[in-house]
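Examining the three-dimensional arrangement
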Amino acid sequence: NLSINLARQLAPFGITVNCVMPSMMETKFLADTSDLIVQASAEANPMKRNARVCDVVPAMAFLLGEEAGFITGVVLPITGGSVAL
């Protein structure tokens, strides 16, 4: 895993490396994706919707803050309960 390898290499320098991994997220980048695919993704999710920017930003803000200073090498799935591979 890239996050873990980078975290191990950079931790001695006080640099943390983490990753957020959202499921399908409703952004302008979905404009070229079929509505059927977007809707199917939402229906398959346990929360019955796709991720939104407002779901991901707080996690990113936390990982970038001082409170997360000892967290490194983490891949944080933000999936609403769906399995992310």
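Some points on the pattern of salt bridges
Summed over the entire model, instances satisfying the criterion amount to 1 salt bridge. R49 is the salt-bridge partner of D55, the closest N and O atoms lying 2.8 Å from each other. Judged by relative accessible area, which is 26%, D55 ranks as partly exposed.

Digging into unusual backbone geometry
Its identity as a non-glycine residue notwithstanding, K48 has a phi of 60°, on the positive side. Mapped onto the elements of the fold, K48 is located in the loop between α2 (35–44) and α3 (53–64).

Thoughts on the packing of aromatic side chains
All told, the structure shown has 0 aromatic pairs when counted by the stated rule. The cationic tip of K28 hangs over the ring face of F29; the distance from NZ or CZ to the ring centre is 5.9 Å.

Overview of the side chain of N50
Along the chain, N50 falls in the loop between α2 and α3. Polar contacts involving the side chain of N50 include one to the main-chain carbonyl oxygen of V38, which spans 3.1 Å. In terms of polar contacts, N50 uses its side chain to reach the side chain of S41, at 2.8 Å. Among all residues touching N50, those that are not within four sequence positions of it are M24, E26, V38, S41, A42 and D55.

Describing the environment of I71
Relative to the helices and strands, I71 resides in the loop between α3 and β2 (75–78). For the pair I71 and I4, spaced 67 residues apart in sequence, the C-alpha separation works out to 11 Å. Setting aside residues no more than four positions away along its own chain, I71 makes contact with T16, N18, F62 and L63.

Some thoughts on α3
Over its 12 residues, α3 runs 16 Å from end to end, which matches the ideal 16 Å to within 8%, given 1.5 Å per residue. Among the residues making up α3, those that are buried are V56, A59 and L63. Taken around the axis of α3, the buried residues stretch over an arc of 65°, which confines them to a single face. Of the residues in α3, the exposed ones pointing more than 90 degrees away from the buried face are C54 and L64. Where α3 is buried, its residues contact β1 (19–22) and β2.

Calculation criteria
- Residues numbered from 1 in each chain as written.
- Predicted model: local features only at pLDDT ≥ 70, side-chain atom pairs only at ≥ 80, totals over all residues.
- Heavy atoms only, no water.
- Salt bridge = Lys/Arg side-chain N within 4 Å of Asp/Glu carboxyl O.
- Buried < 20%, exposed > 50% of the residue type's maximum accessible area, 1.4 Å probe, protein only.
- Helix = DSSP H or I, 4+ residues; strand = E, 2+ residues; numbered from the N terminus.
- Phe/Tyr/Trp six-rings, centres within 6.5 Å; stacked < 30°, edge-to-face > 60°.
- Lys NZ or Arg CZ within 6 Å of the ring centre and 35° of its normal.
- Polar contact = N/O pair within 3.5 Å; in protein donor to acceptor, adjacent residues only side chain to side chain.
- Contact = heavy atoms within 4.5 Å.
- Expected span 1.5 Å × (residues − 1).
- Arc of directions from axis to C-beta.

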